[in-house]
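# Commentary on secondary and tertiary structure
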Amino acid sequence: MASRNISVSETSRPKLPRHTKLKFDETRQVWVILAPERVLAPDEIAVEVLQLCDGVRSVAAMVDQLAEKYAAPREAIATDVVAMLQDLADKGFLTEARESTA
């Protein structure tokens, strides 16, 4: 089980696994992460970060974008973003994009 977890760093390119979806729940008016037999309701900051997790962008690029948008210290945002993404990865809600070797 530990082999599917990733170690998030600024060079990581996280994405939602194939079986997981970030979706707006119209009934409850909140964003949710849907996974088999699990639902997670992230806060609005987490949703903004998750929307950037496309498997193309690195964590460093996400941090740069958020630091610019919020005019906040990059170091503080980097610490928070890496910690949040690592928590989600540990729970199985994130994976990392891999280079194609085909």
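This text goes with the structure placed above it.
The rules behind each value
Residue indices begin from 1 for each chain and proceed along its sequence in written order. Only residues with pLDDT of at least 70 are given local features in this predicted model, and only at 80 or more are side-chain atom pairs given and counted; all residues enter the totals for whole chains, interfaces and linings. Side-chain numbers come from the whole structure's heavy atoms, not from hydrogens or water. Two strands are counted as paired when DSSP detects at least two bridges linking them. Helix and strand labels come from DSSP, where a helix needs a run of H or I of at least four residues and a strand needs a run of E of at least two; each type is numbered from the N terminus. Side-chain atoms within 4.5 Å are what join buried Ala, Val, Leu, Ile, Met, Phe, Trp, Tyr and Cys residues into a set we call a nonpolar core. Classification of residues uses two cut-offs on accessible area relative to the type maximum, computed with a 1.4 Å probe and protein chains only: under 20% is buried, over 50% is exposed, and between them is partly exposed. Whether two residues are in contact is decided by their heavy atoms: any pair within 4.5 Å suffices.

## Some thoughts on the pairing of strand 2 (residues 21-25)
Strand direction decides the pairing type here: strand 2 and strand 3 (residues 30-35), joined by five bridges, are antiparallel. Directly across from Phe-24, in strand 3, lies its bridge partner Trp-31. In this antiparallel pair of consecutive strands, strand 2 and strand 3, the connection spans four residues, and Gln-29 shows a positive phi of 60 degrees.

## Some remarks on the nonpolar core
Counting 21 residues, the largest nonpolar core has Val-59, Val-81, Leu-85 and Leu-94 as its most contacted members. Looking at this core element by element, the count peaks at six residues for helix 3 (residues 74-90). The residues contacting Val-81, other than those within four sequence positions of it, are Val-49, Val-59, Val-63 and Leu-66.

## What about unusual backbone geometry?
We note that Glu-37 has phi near 60 degrees; this positive angle belongs to a residue other than glycine. By relative accessible area, which is 86% here, Glu-37 ends up exposed. The backbone phi angle of Ala-71 is positive, close to 45 degrees, even though this residue is not glycine. Of note, Ala-71 is situated in the loop between helix 2 (59-70) and helix 3. What makes Ala-71 exposed here is its relative accessible area of 71%.

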